[in-house]
Amino acid sequence: MNSVWFDELASLVLARTGLSLREEDRRSICKDIQLLVTKRVGQNYGEYIALLRRQGMESTNEWHVLLDLLTINESFFFRDKGQFALLREHILPELIAKNSAQRSLRIWSAACAAGEEAYSLAILIRQLLGDEAPTWSVKIIASDISTVALAKAMHGAYGAWSFRQVEPAVRSQYFTAKEDEWHIHAWLKTMVDFRYGNLVEDILPSSPFCDFDLILCRNAFIYFQPETVANVAQKLATCLRPDAYLMTGHSELGFPKITSLATRCIGDQVLYQQLQPLTMPAAASASAATLRSAPPVLRASPPVSRPSASPMVSRVPPKTPDFNESIKEAASQANLACYDAAIAA
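This section reports on the structure supplied with the text. (Residues numbered from 1 in each chain as written. Predicted model: local features only at pLDDT ≥ 70, side-chain atom pairs only at ≥ 80, totals over all residues. Heavy atoms only, no water.)

1. Side note on the pattern of salt bridges
Right, so step 1: Within this structure, the stated rule accounts for ten salt bridges.
Right, so step 2: The salt bridge partner of Arg53 is Glu8, with a shortest N-O separation of 3.3 Å. Here Glu8 lies in helix 1 (residues 3-17) and Arg53 lies in helix 3 (residues 45-53), a separation of 45 residues in the sequence.
Right, so step 3: Of the charged contacts in the structure, one is a salt bridge between Glu94 and Arg264, with a shortest N-O distance of 3.2 Å. Placement of Glu94 in helix 5 (residues 81-98) and of Arg264 in strand 9 (residues 261-266) is noted, with a sequence separation of 170 residues between them.
Right, so step 4: You can call Glu94 partly exposed: its relative accessible area is 30%.
Right, so step 5: Residue Arg264 is classed as partly exposed on the basis of its relative accessible area, which comes to 27%.
Right, so step 6: Overlapping salt bridges bring together Asp211, Asp213 and Arg241 as one network. (Salt bridge = Lys/Arg side-chain N within 4 Å of Asp/Glu carboxyl O. Helix = DSSP H or I, 4+ residues; strand = E, 2+ residues; numbered from the N terminus. Buried < 20%, exposed > 50% of the residue type's maximum accessible area, 1.4 Å probe, protein only.)

2. With respect to the packing of helix 2 (residues 23-41) against helix 3
Right, so step 1: Look at helix 2 against helix 3: their axes get within 9 Å of each other, and the N-to-C directions meet at 85°. With respect to helix 3, the element helix 2 is oriented roughly perpendicular. Contacts from Gln34, Leu36, Val37, Arg40 and Val41 in helix 2 reach Tyr45, Glu47 and Tyr48 in helix 3.
Right, so step 2: Of the residues that constitute the contact of helix 2 with helix 3, the class distribution is five nonpolar, one polar and two charged. (Axes fitted to C-alpha atoms, helices over the stretch in contact; angles between N-to-C directions. Parallel < 35°, antiparallel > 145°, perpendicular 65-115°, else oblique. Contact = heavy atoms within 4.5 Å. Nonpolar A, V, L, I, M, F, W, Y, C, P; charged D, E, K, R; others polar.)

3. Observations regarding the side chain of Gln269
Right, so step 1: Relative to the helices and strands, Gln269 is located in strand 10 (residues 269-274).
Right, so step 2: Filtering out sequence-adjacent residues up to four positions away, Gln269 remains in contact with Gly82, Gln83, Leu86, His250 and Arg264.

4. Describing the pairing of strand 2 (residues 137-144)
Right, so step 1: Counted residue by residue, strand 2 has eight buried out of eight residues, so it is predominantly covered.
Right, so step 2: Covered by surrounding structure in strand 2 are Ser137, Lys139, Ile141 and Ser143 together with Val138, Ile140, Ala142 and Asp144, the residues of both alternating faces.
Right, so step 3: Where strand 1 (residues 104-110) lies against strand 2, seven bridges are found, and the strand directions are parallel. Bridge pairing links Arg106 to Lys139 in strand 2.
Right, so step 4: Where the polypeptide runs from strand 1 across helix 6 (residues 116-129) and back to strand 2, its parallel neighbour, the crossover connection is right-handed.
Right, so step 5: In terms of strand pairing, strand 2 meets strand 6 (residues 192-196) through five bridges, oriented parallel. Residue pairing across strands places Asp144 opposite Tyr196, the latter belonging to strand 6. (Pairing = 2+ DSSP bridges. Right-handed = clockwise from strand over helix to strand, strands pointing away.)

5. As for helix 4 (residues 57-70)
Right, so step 1: In a regular helix each residue adds 1.5 Å, so 14 residues correspond to 20 Å; helix 4 covers 20 Å between its end C-alpha atoms and thus fits that length.
Right, so step 2: All buried positions along helix 4 are accounted for by Ser59, Thr60, Asn61, Glu62, Trp63, His64, Val65, Leu66, Leu67, Asp68 and Leu70. (Expected span 1.5 Å × (residues − 1).)

6. Let's talk about the nonpolar core
Right, so step 1: Core analysis: the largest hydrophobic core is formed by 96 residues, its most contacted members being Leu87, Trp108 and Phe194.
Right, so step 2: Examining the composition of this core, we find that eight residues originate from one element, helix 6, more than from any other. (Core = buried A, V, L, I, M, F, W, Y, C linked by side-chain atoms within 4.5 Å.)

7. Side note on unusual backbone geometry
Right, so step 1: The omega angle of the peptide bond from Leu204 to Pro205 is 0°, so this bond is cis rather than trans.
Right, so step 2: Not every positive phi belongs to a glycine, and Ala113 is a case in point at roughly 55°.
Right, so step 3: Inspection of the secondary structure puts Ala113 in the loop between strand 1 and helix 6.
Right, so step 4: For Glu179, which is not glycine, the phi torsion reads 55° and is therefore positive.
Right, so step 5: Within the secondary structure, Glu179 sits in the loop between strand 4 (175-178) and strand 5 (181-184).

8. Description of the environment of Ala220
Right, so step 1: Mapped onto the secondary structure, Ala220 falls in the loop between strand 7 (212-217) and helix 10 (226-237).
Right, so step 2: Ala220 has contacts with Ala111 and Glu252, leaving out every residue within four places of it along the chain.

9. Concerning the packing of helix 1 against helix 4
Right, so step 1: Packing of helix 1 against helix 4 brings their axes to within 12 Å, and their N-to-C directions diverge by 100°. Of the possible angle classes, the one that applies to helix 1 and helix 4 is roughly perpendicular. When helix 1 is examined against helix 4, the residues Leu9, Leu12, Val13, Arg16 and Thr17 are found in contact with a partner set consisting of Trp63, Leu66, Leu67 and Leu70.

10. A closer look at the packing of aromatic side chains
Right, so step 1: According to the stated counting rule, one finds 13 aromatic pairs in the structure shown.
Right, so step 2: Measuring from ring centre to ring centre gives 4.9 Å for Phe77 and Phe163, while their planes differ by 20°; the resulting arrangement is stacked. Of this pair, Phe77 sits in the loop between helix 4 and helix 5 while Phe163 sits in the loop between strand 3 (157-158) and helix 8 (168-174); the two residues are 86 residues apart in sequence, bridging distant segments of the chain. The residues Phe77 and Phe163 share a single accessibility class, namely buried.
Right, so step 3: Note that Arg106 overlies the ring of Phe212, its terminal NZ or CZ placed 5.0 Å from the centroid. (Phe/Tyr/Trp six-rings, centres within 6.5 Å; stacked < 30°, edge-to-face > 60°. Lys NZ or Arg CZ within 6 Å of the ring centre and 35° of its normal.)

11. Things to note about the sheet that holds strand 3
Sheet strands line up and pair through hydrogen bonds in the backbone, either parallel or antiparallel.
Right, so step 1: Judged by pairing direction, the sheet is antiparallel, and its three strands sit side by side in the order 3-5-4 without closing on themselves. Looking at strand neighbours, the two that pair on one side only are strand 3 and strand 4, the edges of this open sheet.
Right, so step 2: Note that strand 4 and strand 5 share four bridges and pair antiparallel. Within the sheet, the bridge partner assigned to Ala177 lies in strand 5 and is Trp182.

Right, dumping it as structure tokens:
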């Protein structure tokens, strides 16, 4: 694999996803990319680039496989104790109090990896609402650009390493042990709606990515170049309700100033708050109003297809195939057994 071809691939990935492939990344991923290219088109690297440039299902599926190879999906429950303490003690109680009349919460876990963050939020909200939980409409949208990660998240089974910051009592309360894994309880699963999402290509706000009380986008900006960070941060800001919050990773604070976002410091924690009224397309606004007025019940709709999150292109993206069919296709390509279990769950 020569440097010219790698640079062309890196440019494509940057434009499509915002992910920056650095020269030091080349050494670690070169072998895997070579194996992938050889499996698809022999040693014809030019043909592989052409495949990625095409429109249609074949190209879309190939992008899924490539991005699964390039992305890092390792996470764990309640990652960053300081930030989850802030959510538990300040942010979520504030949002619950503010929304007590309509009894609804809408949260987006962007770049959710294998779902640990989204399920951590579901557990935390359930704990805070207590006996009143059944009377609330809680929707956690969780998105990622990796279909492998989303398949695992939908399956909801995790090894012991994912619980390294979780008290055994909490794990036992919300998960069931099966062989060498812990499976999240089905009723908690219904609080989370997993969606494929590309933070660069997606047109935002658009249903269901709109009208949020809280967005968590942690440890995604670190893979973006500055101009992509500014673009994505601006898009996320438009998806927030007035006075809603955006939480990023600690190393991602201080991205280019977004006029509608104010920095809020609580103790030693920092996050952003939306100050200006939310503006969105009429269709998205109507959809958000419908979601807000829905009967109070803990539920989540099944994942469905939508135009293709887990980053700076303003064009309308190509049509994405059916979500579950896309996962099955990626499974056959990557030979990952977890897909079948995820689809069957």
